Amino acid sequence: MGEDGSRIVVTGMGTVNAIASDCRSFSAALKQGVCGIGPVTRFDTSAFRTHRAAEVKDFRPRERLPVDIGLRRASRADAFALVAAVQALGQAGLYPVPDAIRDEMGVVIGGGAGGLPEAEDFFQEHLSGRRRSRFTRLASVACAAHANALATAFRLYGPKTTIMTACSSGATAIGLGRDLIRNGAARAMIVGGTEPLCRMTFASFNALQAVDPEPCRPFSGNRAGITLGEGAGVLVLESLASARARGAVVLGEVLGYGVTCDSHHMTAPDTGASGAVRAIRAALADAGLPPDAVDYINAHGTATPPNDLMETRAIKAVFGPRAWKIPVSSTKSMHGHTLGAAGALEAVVSILAMNEGFVPPTIHCDIPDPECDLDYVTTGARPAAPRVVLSNSFA
């Protein structure tokens, strides 16, 4: 495979999230520091620590899709992914998908809660005696088979996988999609992540006391936990050779990625940041780049006290004295923590930043933390020209 064949590029992107319905509006919202966090409307939160989340409001997928593809059996998470995928394929010039590449185009989608909102609704109806004929739909959504939903909707016959590695799922999906193309298993891949807001996830993070009653405050001295969000981020990947042959516009390149495990605790990070340090170094090594090449870091930045401290330590360990000169931001302060979709959604953020010449802000970061003392871009979006972006996704 020639050099152009081994270089994997992004030719299309799409998103649905709490602050935007597509990439154009997403970029504008990021630049303006729009906060999509507000009172939860999808279910009762009176018993919980927080009543806030970053919901996707007024989501009507049938109005967003050219045809009713795959919606009859689709969960809310699947519908997010379908809408984002149509946007991405359209930008890539691959919608409708040409018959000639269906055998060579695959799907890798990260997820988390999957069809739990539909399962929760079903069992609430069942227990209340309001039974409805939803068994077929329930069976199709309960396994978080997002990749199957997309492959069926677009009639794709290449590799198909749903990734579930918690908050790193969307990023892992991008890495696996890149590898499948480089290894010759696919010509093009739809990759990304999707996540719905549901009672079970909301209750679990409240039980862990990992949520902030107020909108989340990444890296701030008064941070008190995450704010849950929902949505999807989807990208189209193909080789540079394929993109050039089609005359496609290249939005960015997947230079490298790293996957590690600190084997420390199910929910708490290793405060020494060993796993994060090794993941960042592995990504740089895979890309063949020195640390000095990184122009911007899109942080995991969950706003939990342990995560933000650990991530700050990891950045310092990898980048040394230069760590204080690299702009860092957590866009979760705007669109919430979208769990299985987070890595993909923040990959979209990173590519928008490179293409449109800005670094998005970290909003709500108002109180200095002496241990979190990097350049977190807290006073609004910053004009910049980042060419290499590191996007962290920890789980």
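As a reminder, the structure under discussion sits directly above these lines.
Note that the structure is predicted; figures quoted are calculated from it, not measured.

**Details of the sheet that holds strand β4 (residues 105–110)**
- If you trace the six strands from one edge of the open sheet to the other, you get β5-β4-β6-β7-β1-β8, paired in mixed fashion. The open sheet has two edge strands, β5 (160–163) and β8 (252–253), and neither has a second partner.
- Contacting β1 (8–16), β4, β6 (188–195) and β7 (231–239), helix α4 (residues 76–92) runs over the sheet at an angle of about 135° to β1.

**Section: the pattern of salt bridges**
- For the structure on display, the rule yields 19 salt bridges.
- Between Arg-7 and Glu-253 there is a salt bridge, with its nearest N and O atoms 2.9 Å apart. You can see Arg-7 sitting in the loop between α1 (3–6) and β1 and its partner Glu-253 sitting in strand β8, a full 246 residues away along the chain.
- Look at the salt bridges and you will find they share partners, linking Glu-120, Asp-121 and Arg-199 into a network.

**Considerations on the packing of aromatic side chains**
- All chains considered together, the criterion is met by five aromatic pairs.
- Measuring from ring centre to ring centre gives 5.5 Å for Phe-43 and Phe-202, while their planes differ by 70°; the resulting arrangement is edge-to-face. Of this pair, Phe-43 sits in the loop between β2 (38–39) and β3 (52–53) while Phe-202 sits in helix α9 (residues 199–207); the two residues are 159 residues apart in sequence, bridging distant segments of the chain. For the pair Phe-43 and Phe-202, one class covers both residues: buried.
- Site record: aromatic cluster; members linked through ring pairs are Phe-43, Phe-48 and Phe-202.

**Some thoughts on the sheet that holds strand β9 (residues 296–298)**
- The strand order across the open sheet formed by three strands is β10-β9-β13, and the pairing between neighbours is parallel. The open sheet terminates on both sides in strands that have one partner only, identified here as β10 (328–329) and β13 (389–391).
- Sheet topology places β9 next to β10; two bridges connect them, and they run parallel. Paired with Asn-298 across the strands is Ser-329, a residue of β10.

**Quick look at the pairing of β4**
- With six of six residues buried, β4 is to be regarded as a mostly interior element.
- Both faces of β4 are covered, namely the face carrying Met-105, Val-107 and Ile-109 and the face carrying Gly-106, Val-108 and Gly-110.
- Pairing analysis gives six bridges linking β4 to β6, with the strands arranged parallel. Directly across from Gly-106, in β6, lies its bridge partner Met-189.
- Note: β4 against β5, four bridges, orientation parallel. Paired with Val-108 across the strands is Thr-161, a residue of β5.

**Section: the state of the cysteines**
- Under the defined criterion, the tally for this structure stands at zero disulfides.
- Sulfur of Cys-35: no disulfide; nearest cysteine sulfur belongs to Cys-216 and is 7.6 Å away.
- Using a relative accessible area of 33% as the deciding quantity, one classes Cys-35 as partly exposed.

**Focus on the environment of His-337**
- Along the chain, the position of His-337 falls in the loop between α13 (332–335) and α14 (342–356).
- Considering only alpha carbons, one finds His-337 and Leu-156, 181 residues apart in sequence, at a separation of 30 Å.
- Dropping the residues within four chain positions of it, His-337 is found in contact with Cys-167, Ile-226, Thr-227, Leu-228, Gly-229, His-300, Thr-302, Lys-332 and Ala-342.

**Section: the side chain of Thr-304**
- Within the fold, Thr-304 resides in the loop between β9 and α12 (305–319).
- Reaching out from Thr-304, the side chain makes a polar contact with the side chain of Thr-302 at a distance of 3.1 Å.
- A polar atom in the side chain of Thr-304 sits 3.3 Å from the backbone nitrogen of Asn-307.
- Not counting residues up to four positions away in its chain, the partners in contact with Thr-304 are Ala-210, Arg-223, Gly-225 and Ile-226.

What counts, and at which threshold
All residue numbers refer to positions counted from 1 along the written sequence of the respective chain. Restriction of local features to residues with pLDDT of at least 70 applies here, the model being predicted, together with a cutoff of 80 or more for giving and counting side-chain atom pairs; totals for whole chains, interfaces and linings are based on all residues. The basis for every side-chain value is the complete set of non-hydrogen atoms in the structure, without hydrogens or water. Note on pairing: DSSP must find at least two bridges between two strands before they are called paired. For the purposes of this entry, the term helix denotes a DSSP run of H or I that reaches at least four residues, the term strand denotes a run of E that reaches at least two, and both are numbered from the N terminus. Two residues qualify as a contact provided that any one of their heavy atoms is within 4.5 Å of a heavy atom in the partner residue. The axes are straight lines fitted to the C-alpha atoms, using for helices just the contacting stretch, and the angles between their N-to-C directions are given from 0 to 180°. Salt bridges are defined by distance alone: a side-chain nitrogen of Lys or Arg within 4 Å of a carboxyl oxygen of Asp or Glu. Between the rings of Phe, Tyr and Trp (Trp by its six-membered ring), a pair exists once the centres lie within 6.5 Å; its type follows the angle of the planes, with under 30 degrees stacked, over 60 edge-to-face, and the other angles tilted. Exposure is judged per residue with a 1.4 Å probe applied to protein chains only, and the accessible area is read against the type maximum: over 50% gives exposed, under 20% gives buried, and values in between give partly exposed. For the purposes of this analysis, a disulfide is any pair of cysteine sulfur atoms at a distance within 2.5 Å. Each polar contact in these results corresponds to two N or O atoms within 3.5 Å; when the atoms are within protein, one needs to be able to donate a hydrogen and the other to accept it, and residues that are neighboring in sequence are counted only if both atoms are side-chain atoms.

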